[in-house]
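# Understanding the architecture of this molecule
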Amino acid sequence: MNERLRTLRLWFAPTRIHDEGDTPDYRFSLANERTFLAWIRTALALIGGGFAVDQFLPELARGVRAGLALALLAAGVLCALRAVNHWVRCERAMRLGKDLPVSRFPTVLGLGVATVAVTMVVVVLFGWEGP
Amino acid sequence: MTTAGRDPGLQPERTRLAWRRTTLSYTVAALLAVKQVPLPVVSLIALTWLGFLRMAHRRVLGVGASRPRPLSLRGALAAAACTIALAVLAATMVLHPADG
């Protein structure tokens, strides 16, 4: 919990990240940055998916469509937030020479995307059309 | 660029390309959004897009230094904030669809 608070404090006082440990080889920082960007792209893809569901499935009942779109958008927001958080944690771990943090987020995201996909298949096959 | 100053792993180039890819993804998502929203919201989306573009451009220049500094947390937050702004606009549109 303490660890989590320290990470959160870093979000709002970014220069404090330089207070701890040593600056790692810049190549490691750049690799961490690229991973961050890959997660941002994942977030953008989810958000684009949300737009697409809302736009390209107009014959669906409004509730189903809005639900699917909002689920994808919420996943996108979570993904972007967690991208920043994971980047900070990795940067800190590298500065302090600790192990890189592990996370169950990829699993959760994978299961979430699979659920949305299966729901879409079911919805399109059995056609829950609006009035 | 001299060979001695060149990073054999091409890390700065890869990072620059990652920013470019991400900007492209942002553009695609923003264009998807622009298709279905009223004009005032289009300008909001354009603003967030410009914000992301500015951030990416600054970073592309920053990575070009011979010993690039790590991405600042402020930069990371700015990129994430632009992304989240797009999602929030999308959610608003889903909940309050424009007529016509």
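The structure we're discussing is the one just above.
Scope of this entry: the structure provided in the associated data block. Positions within a chain are numbered from 1, following the residues in the order the chain's sequence is written. Throughout, the order in which chains and ligands are written sets their labels, letters from A for the former and numbers from 1 for the latter. Per-residue local features of the predicted model are confined to residues with pLDDT of at least 70, and side-chain atom pairs are confined, for both listing and counting, to 80 or more; whole-chain, interface and lining totals are unaffected and use all residues. To get the side-chain values, take all heavy atoms of the structure and skip hydrogens and water.

## Here's the deal with the overall build of chain A
- Each helix is a run of DSSP H or I of at least 4 residues and each strand a run of E of at least 2, with the numbering of both proceeding from the N terminus. Check the secondary structure of chain A and you find four helices and zero strands.
- For chain A, the sequential pattern of α-helices and β-strands runs α-α-α-α.
- Throughout, radius of gyration means the C-alpha value; the globule benchmark is 2.2 Å times the number of residues raised to the power 0.38. On C-alpha atoms alone, chain A measures out to a radius of gyration of 19 Å, which is more than a quarter above the 14 Å that the 2.2 N^0.38 rule sets for 131 residues.
- Each principal axis of the C-alpha atoms in chain A carries an extent, and together these give about 60 × 25 × 20 Å.
- For every residue, the accessible area obtained with a 1.4 Å probe (protein chains only) is divided by the maximum for its type, and the residue is called buried under 20%, exposed over 50%, and partly exposed between those limits. Relative to its full complement of 131 residues, chain A shows a buried share of 43%.

## Examining the packing of helix α2 (residues 26-56) of chain A against helix α3 (residues 73-95) of chain B
- Axis geometry follows a simple rule: fit a line to the C-alpha atoms, using only the stretch in contact for helices, then measure angles between N-to-C directions, giving values from 0 to 180 degrees. Between α2 of chain A and α3 of chain B, the shortest axis-to-axis distance is 10 Å and the interhelical angle comes to 10°. Here α2 of chain A lies roughly parallel to α3 of chain B, going by the angle between them. For the pair formed by α2 of chain A and α3 of chain B, the contact residues are Phe 36, Ile 40, Ala 43, Leu 44, Ile 47, Phe 51 and Asp 54 of chain A on the first element and Ala 76, Ala 79, Ala 80, Thr 83, Leu 86, Ala 87, Ala 90 and Val 94 of chain B on the second.
- Charged means Asp, Glu, Lys or Arg here, nonpolar means Ala, Val, Leu, Ile, Met, Phe, Trp, Tyr, Cys or Pro, and polar covers whatever is left, Gly included. Looking at side-chain class alone, the contact of α2 of chain A with α3 of chain B contains 13 nonpolar, one polar and one charged residues. The scheme is simple: roughly parallel for angles under 35 degrees, roughly antiparallel for over 145, roughly perpendicular for 65 to 115, oblique for anything else. Note on definitions: a residue-residue contact is assigned when non-hydrogen atoms from the two residues lie within 4.5 Å.

## Brief notes about a nonpolar patch on the surface
- Surface patches are drawn from residues lacking salt bridges whose relative accessible area is over 30%; two like charges belong together within 9 Å, two nonpolar side chains (Val, Leu, Ile, Met, Phe, Trp, Tyr) within 5 Å. Calculation of accessible area relied on Shrake-Rupley with a 1.4 Å probe; when residues are assessed, cover is drawn exclusively from the protein chains displayed. When a carboxyl oxygen of Asp or Glu lies within 4 Å of a side-chain nitrogen of Lys or Arg, that pair is called a salt bridge. A cluster of nonpolar side chains, namely Val 118, Val 121, Val 122, Leu 125 and Phe 126 of chain A, defines an oily patch on the protein surface of about 510 Å² accessible area.
- A relative accessible area of 31% places Val 122 of chain A in the partly exposed class.

## Remarks on the packing of aromatic side chains
- For this analysis, a ring pair means two rings from Phe, Tyr or Trp (six-membered ring only for Trp) whose centres lie within 6.5 Å, classed as stacked if their planes differ by under 30 degrees, edge-to-face if by over 60, and tilted for the remaining angles. Taken as a whole and assessed by the stated rule, the structure comprises four aromatic pairs over all chains.
- Ring geometry for Trp 39 of chain A and Phe 105 of chain A: centres 5.6 Å apart, planes at 70°, overall edge-to-face. With a gap of 66 residues between them, Trp 39 of chain A in helix α2 and Phe 105 of chain A in helix α4 (residues 105-126) connect regions that are remote in the sequence.
- Using a relative accessible area of 17% as the deciding quantity, one classes Trp 39 of chain A as buried.
- Seen in terms of ring centroids, Trp 19 of chain B and Phe 52 of chain B are 6.2 Å apart; in terms of plane orientation they differ by 50°. Their pairing is tilted.

## Describing the nonpolar core
- What makes a nonpolar core is a set of buried Ala, Val, Leu, Ile, Met, Phe, Trp, Tyr and Cys residues whose side-chain atoms join them at distances within 4.5 Å. By size, the foremost hydrophobic cluster in this structure holds 59 residues, and its most contacted members are Phe 36 and Ile 40 of chain A together with Trp 19, Ile 45 and Leu 86 of chain B.
- When contributions to this core are tallied by element, the ones reaching two or more residues are α1 (2-12), α2, α3 (62-96) and α4 of chain A together with α1 (11-34), α2 (39-63) and α3 of chain B.
- Among the elements that line this core, the one with the most residues is α3 of chain B, at 13 residues.
- Once residues within four sequence positions are removed from consideration, Trp 19 of chain B is found in contact with Glu 33 and Leu 37 of chain A together with Phe 52, Met 55, Ala 56, Arg 59, Val 60, Leu 71 and Ala 79 of chain B.

## So, the interface of chain B and chain A
- Counting residues at the interface gives 41 residues for chain B and 35 residues for chain A.
- Note on terms: buried area is the combined drop in 1.4 Å-probe accessible area of two parts once they are placed together, counting the loss on both. Roughly 3600 Å² is buried in total at the junction of chain B and chain A, and carbon and sulfur atoms are behind 72% of that figure.
- Note that Arg 59 of chain B is salt-bridged to Glu 33 of chain A, the shortest N-O span being 2.7 Å.
- Pairs of N or O atoms are called polar contacts if they sit within 3.5 Å, as long as, within protein, a hydrogen donor faces a hydrogen acceptor (for residues adjacent in sequence, only side-chain-to-side-chain pairs). Connecting chain B to chain A are seven residue pairs in polar contact (both at pLDDT 80 or more).
- For the side of chain B that touches chain A, the elements supplying multiple residues, two or more each, are α1, α2 and α3 of chain B.
- It is α3 of chain B that contributes the most residues to the side of chain B that touches chain A, 14 residues altogether.
- Looking at the side of chain B that touches chain A, its residues break down into 25 nonpolar, eight polar and eight charged.

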